[in-house]
Amino acid sequence: MSLPSQFIQKNYDDILIYHYVEELVSDFSKFSDESYNNDVVSVNEMPFLLRIRFQDKSTQKDLVKLFHVSNGQASKILRKFEDKNLIQRKEDPKNRRRKIVELTPKGIEKTDAILEHIITWENNHNMNDDEIKTLKKLLFKFLSKE
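Analysis parameters
- Along each chain, residue indices are assigned from 1 in the same order as the chain's sequence is written.
- Residues qualify for local features only when their pLDDT is at least 70, as the model is predicted, and side-chain atom pairs are given and counted only at 80 or more; totals for whole chains, interfaces and linings, by contrast, use all residues.
- Side-chain measures here rest on the full set of heavy atoms in the structure, leaving out hydrogens and waters.
- Aromatic rings from Phe, Tyr and Trp, with only the six-membered ring used for Trp, were paired whenever their centres fell within 6.5 Å, and each pair was classed as stacked if the ring planes differed by under 30 degrees, edge-to-face if by over 60, and tilted otherwise.
- Per the convention used, a helix needs a DSSP run of H or I reaching at least four residues, while a strand needs a run of E reaching at least two, with both numbered from the N terminus.
- Partly exposed residues are those whose accessible area sits between 20% and 50% of the maximum for their type, while under 20% is buried and over 50% is exposed, using a 1.4 Å probe and protein chains only.
- Any Lys or Arg side-chain nitrogen located within 4 Å of an Asp or Glu carboxyl oxygen qualifies as a salt bridge.
- Residues with no salt bridge and a relative accessible area higher than 30% make up the patches, which join like charges within 9 Å and nonpolar side chains (Val, Leu, Ile, Met, Phe, Trp, Tyr) within 5 Å.
- Every accessible area reported is derived by Shrake-Rupley at a probe size of 1.4 Å, with residue values counting cover from the shown protein chains alone.

## Describing the packing of aromatic side chains
Right, on to step 1. Tallying each qualifying case throughout the model produces 2 aromatic pairs.
Right, on to step 2. Both rings, one in F28 and one in W121, keep their centres 5.1 Å apart while their planes meet at 75°; by these two values the pair is edge-to-face. In this pair, F28 is assigned in helix α1 (residues 17-35) and W121 in helix α5 (residues 105-122), connecting sequence segments 93 residues apart. Considered together, F28 and W121 belong to a single accessibility category, that of buried residues.
Right, on to step 3. Taking 4.6 Å as the distance between ring centres and 25° as the angle between the ring planes, the aromatic pair formed by F48 and F67 counts as stacked. Here F67 lies in helix α3 (residues 60-67) and F48 lies in helix α2 (residues 46-54), a separation of 19 residues in the sequence.
Right, on to step 4. On the basis of relative accessibility, which here comes to 3%, the residue F48 falls in the buried class.

## Regarding the pattern of salt bridges
Right, on to step 1. As enumerated under the stated definition, the model contains 8 salt bridges in all.
Right, on to step 2. With its nearest N and O atoms 2.6 Å apart, the salt bridge here joins R53 to D112. With R53 in helix α2 and D112 in helix α5, this pair connects stretches of sequence that are 59 residues apart.
Right, on to step 3. A relative accessible area of 32% places D112 in the partly exposed class.

## Considering a nonpolar patch on the surface
Right, on to step 1. Where nonpolar side chains cluster on the molecular surface, the patch consists of I17, V21, V25, F142 and L143 and spans about 500 Å² of accessible area.
Right, on to step 2. Elements that contribute at least two residues to the nonpolar patch include exactly α1 and α6 (129-143).
Right, on to step 3. Considering every element that reaches the nonpolar patch, the biggest residue donor is α1, with 3 residues.

Dropping the structure here:
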């Protein structure tokens, strides 16, 4: 990853975390453009599918709120996932109007492949295991509400 000119060693602590995150997202997108060929799930749709996998009882409403997209946009993505047999919507037994979104076995397979892609990207940087562990610990702390 080549950093913009404002990212120089002597001022790394003056750069906002936001800008680091922005560069990480850009680097992941570039990596994915070069190495992720998938006509089933685009790079922009990955977060939806991964959130469904790792969040207990996701609903369309939850995804709209989380990703700050319109109900129509979320519906379009979920419909595409349904058409590709990656998800299914089930009636919530506690609230029959609410639909819970779950991965199908094919959806689990697809998220496994996406996770392998992400792990390859994470391991494609000049960091050892301890540094990666420290970074993850600090990011967790930064995002933790406790």
